Amino acid sequence: MSGRMGDLNPKQAETLLQFRERIKDILPDLPAQHDQYLLRWLRARSFNVEKSEAMLRKHLVFRRHMSADTIITDWKPPEVIEKYVSGGMCGYDREGSPIWYDLVGPLDPKGLMLSTSKQSFMKKKVRDSELLRRECQRQSEKLGQNIEFITLVYDCEGLGLKHLWKPALEAYGEVLTMLEDNYPEALKRVFLIKTPRLFPMAYNLVKHFLCEDTRRKIVVLGDNWQEVLRKHIDPEQLPVVYGGSLTDPDGDPRCRTMINHGGTVPRSYYVQDSVKVEYDCSVNIGRGSIFQLEFDVPAPISQLRWQFKSEGADIGFGVFKQPDEGDSQLVEMIQVVPIERYNAHLVPEDGSFTCSEPGVYVLRFDNSYSRLQSKKISYNVDVLLPDGQTQSPRSRGDGRLQ
C-alpha cells in the first residue's frame, strides 16, 4: 500500500490514529491538520510513529524560527535574490499540481554568495515552499480533490564548473537537507532536461543529501524531453520555450513574469566591496573548538544584536539562554537561535534576537566540525533596550574557548 489517503492497510490506518493522538498538543499550531498532511510525515519515516513525531515536532520549531506562517507577507527577499535567483512557479500539470521550474544555467552562485548571506537563500527556499504549499491548498479547493504534490522541471542547460564552486555546493546541500527535513513528500516527480556531460559529476556531489524516495522520483529525460513534458503537462500550461503554447501577456515564450531567468550578478551588489564594518573584538578559534560569550540582558523585550565575520572559511553560530537560578528542573541551556553554519568569510553576518525574558544569554561560535582549520572571528555585540537606549552588554567574564 502506498501510505496515501484511500490506500492504507489496517496497520497504517491504526498508526495514523496513534500519530494524531500523540501530536494532539501541537495540531493547532500546524499549517494543516487533515490526514493527508499527517500521512506525509508518516511516509517520510516509513510509518515509524516515534520517528515521525520527532520529525514533526522539530519542524514546528523550524517554522517558528523561520516565521514560516507569515514569511510570504512579512519577509521580502534582498533585491539581489529577487533579481538574480532563477526559477519560479508556472502552470499546472494534467492532474492539477503546481509546476516549479529551476534554471541552472543563468544562476551565478559565486556572485550571489558574495552579495547576500546563505541564510537569505534558506529563507527564500522556505518562502517558495510555503507559496507552493498554499497553491496546493488553493488547487485542492478549486478542483475538489486533494492536491499535495508538485512537479519540478529542472533545466540543466548551461550547467558548468561555476556551479560546482565548493561554497555553493555546500549551501545547496544545506538547502536540500532543510527541504527533506521540513517539506517531506512534497514532490510528485522531478524532470531533468537538457543535461550536459558534466551532469553525472554534479549529481554525484549532491545526491547524498536526497532521501531514497526523492531519488526515485527523479527522471532524466533525453532528446525527446518536450514530448515527455507534454504527456504530463497540457501545452496550454507549458511555456513555448519548453514545447507548449503558454506565453506571457506580452507574448514572451519564456514566461519571464512567472519564471525568473536570473543572470550574472553585477559587482555593485558584492557586500565585501561595499560594506566596511569596524569590529570591536576578535578571537582565534582553534580547530575542533567552540568560543562562547556570556552576557547579562537586563530587561525583557530587549534586542541582542551581533555582527561578525570569519576569515578563511565558514563558522557555526547560535544563541542560548542559561536556566534561571531558581529553575532546578533545567540543567542544560535553552537554544533560542539554532546553531547554523554561516558563510561569514564571504558576507559578514548581521543579526539579532528579541529576548522575551531577562537573563544570561550565551553567544556561541562553533568550529567543532572543522578538524583542520582554525578560524579568526571579528565581532560586535550590543543590546537595544525597550526604551530605545543602546548599551554594551555586561559580560559574565571573558569569552571561553572549549
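Before any of the text, the structure's been laid out above.
Residues numbered from 1 in each chain as written. Predicted model: local features only at pLDDT ≥ 70, side-chain atom pairs only at ≥ 80, totals over all residues. Heavy atoms only, no water.

Caption draft 1: Summary view of the packing of aromatic side chains. What the rule picks out here adds up to 15 aromatic pairs. Pairing Phe365 with Tyr379 gives two aromatic rings, centres 5.8 Å apart and planes at 35°, and the pair type is tilted. Here Phe365, found in strand S12 (residues 359–366), pairs with Tyr379, found in strand S13 (residues 375–384); they are 14 residues apart in sequence, far enough to count as distant. Each member of the pair, Phe365 as well as Tyr379, is classed as buried. Each residue in the set Phe291, Trp306, Phe308, Phe317, Tyr342, Phe365 and Tyr379 is aromatic and connected to the rest through ring pairs, giving one cluster. The residue whose ring lies beneath Lys321 is Tyr361, and the NZ or CZ to ring-centre distance is 6.0 Å. (Phe/Tyr/Trp six-rings, centres within 6.5 Å; stacked < 30°, edge-to-face > 60°. Helix = DSSP H or I, 4+ residues; strand = E, 2+ residues; numbered from the N terminus. Buried < 20%, exposed > 50% of the residue type's maximum accessible area, 1.4 Å probe, protein only. Lys NZ or Arg CZ within 6 Å of the ring centre and 35° of its normal.)

Caption draft 2: A look at helix H2 (residues 35–44). Counting buried residues along H2, 7 of its 10 residues qualify, which places the element largely inside the surrounding structure. Within the sequence span of H2, burial applies to Tyr37, Leu38, Leu39, Arg40, Trp41, Leu42 and Arg43. Those residues of H2 that are buried lie in contact with helix H1 (10–22), helix H3 (49–66) and helix H8 (166–182). At the exit of H2 stands Ser46, carrying a positive phi of roughly 50°. (Contact = heavy atoms within 4.5 Å.)

Worth remembering: the numbers are spatial, not functional.
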